[in-house]
Every structure is written in C-alpha cells, then in structure tokens.
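Overview (structure and organization)
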Amino acid sequence: MIVPGSLQYAIKGMLPKFAQDQLLFLWYRGGKKWEGCRAFAIPNNDSIGAIRVSVKGRDRNGIVEPGLEYERICHDMRTPFMN
C-alpha cells in the first residue's frame, strides 16, 4: 500500500492475465487469511472500502452458493444499517 494506486495498476497491466488475477486477489486479501469466511473486506481506495461475498465458482475457496444464499447474506449485512 506504500506504492501509489496508479503505479500499482500500471505494473499490474504489464503482467499476464494469470498474474494479474493472483495479484488482485492478494490486494483484496490485504495480507489476511479469509478462507472459511462468507464475506471479507477489500480495500478500494483511501476513503472507501468494500465487502466481497465469497461465492462458489467465482472466488477461490468460495463457500457461498450463488442465488438465494448470496441474496440472504447481502440482506443480513444491510439490515442492521437500515431504519
């Protein structure tokens, strides 16, 4: 995270697709081990973060079934913040 984002993405763009995917996954992981978690935090920029649901077939070691299970988890994460 010491390297500016624009330089990170410029370097990433010069790599083969496989290496880009691996690098992106490492950035998303933020140095933490998220295996076995239904969702995990991912950095977005200095002001905003995001949450990614670990979906089977899309994410490495994904554990959440696409469809109803995914929708339920998204609903559960939103509900505490809705009035």
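Residues numbered from 1 in each chain as written. Predicted model: local features only at pLDDT ≥ 70, side-chain atom pairs only at ≥ 80, totals over all residues. Heavy atoms only, no water.

A few points about the nonpolar core
Put simply, the rule reads: In this description, a nonpolar core means a group of buried Ala, Val, Leu, Ile, Met, Phe, Trp, Tyr and Cys residues linked to one another through side-chain atoms lying within 4.5 Å. Burial here depends on accessible area, computed with a 1.4 Å probe over protein chains only, as a share of the maximum for the residue type. Under 20% is buried, over 50% is exposed, and the range in between is partly exposed. Whether two residues touch is decided by their heavy atoms; if any such pair falls within 4.5 Å, the residues are in contact.
Grouped together as the largest cluster of nonpolar side chains are 5 residues: V53, V55, V64, I73 and C74. Contact partners of V55, with chain neighbours within four places excluded, come to G62, I63, V64, P66 and Y70.

Quick look at the pattern of salt bridges
Condition: We define a salt bridge as a contact between a side-chain nitrogen of Lys or Arg and a carboxyl oxygen of Asp or Glu at a distance within 4 Å. The numbering of helices and of strands both runs from the N terminus, where a helix is a DSSP run of H or I of at least 4 residues and a strand a run of E of at least 2.
Overall, the coordinates contain 4 salt bridges when judged by the stated rule. Residue R72 pairs with D76 through a salt bridge whose shortest N-O separation is 3.5 Å. Linking R72 with D76, this pair stays in helix α3 (residues 68-78), spanning 4 residues, or about one helical turn. Judged by relative accessible area, D76 falls into the partly exposed class, the value being 36%.

Some words on the side chain of K12
Here K12 shows up in helix α1 (residues 5-13). Among residues more than four places away in sequence, those in contact with K12 are Q20, L23, L24 and W27.

Things to note about the confidence of the model for the protein chain
Where we set the bar: Here pLDDT means the predictor's own confidence in every residue, given as a number from 0 to 100.
Of the residues in the protein chain, 86% have a pLDDT of 70 or more, and the chain-wide mean is 81. The element-level mean pLDDT for the protein chain is lowest in helix α2 (residues 17-29), coming to 75, with α3 highest at 93.

Topic: empty space enclosed by the protein
Selection rule: Using only the protein atoms, space was sampled on a 1 Å grid; points where a 1.4 Å probe fits but cannot get out form cavities, open sets with protein on both sides within 12 Å along at least five of seven lines form pockets, and lining residues are those with an atom within 4 Å of a point. Grid points are joined across faces, edges and corners, and a volume is the space filled by probe spheres set on the points. The residue classification treats Ala, Val, Leu, Ile, Met, Phe, Trp, Tyr, Cys and Pro as nonpolar and Asp, Glu, Lys and Arg as charged. All others, Gly included, are polar.
For the coordinates displayed, the defined rule picks out 1 cavity of 30 Å³ or more. The computed volume of the largest cavity comes to approximately 100 Å³. F25, W34, E35, F40 and R60 are the residues nearest the centre of the largest cavity, which is lined by 11 residues in total. Here the residues of the lining of the largest cavity are counted per class, giving 4 nonpolar, 3 polar and 4 charged.

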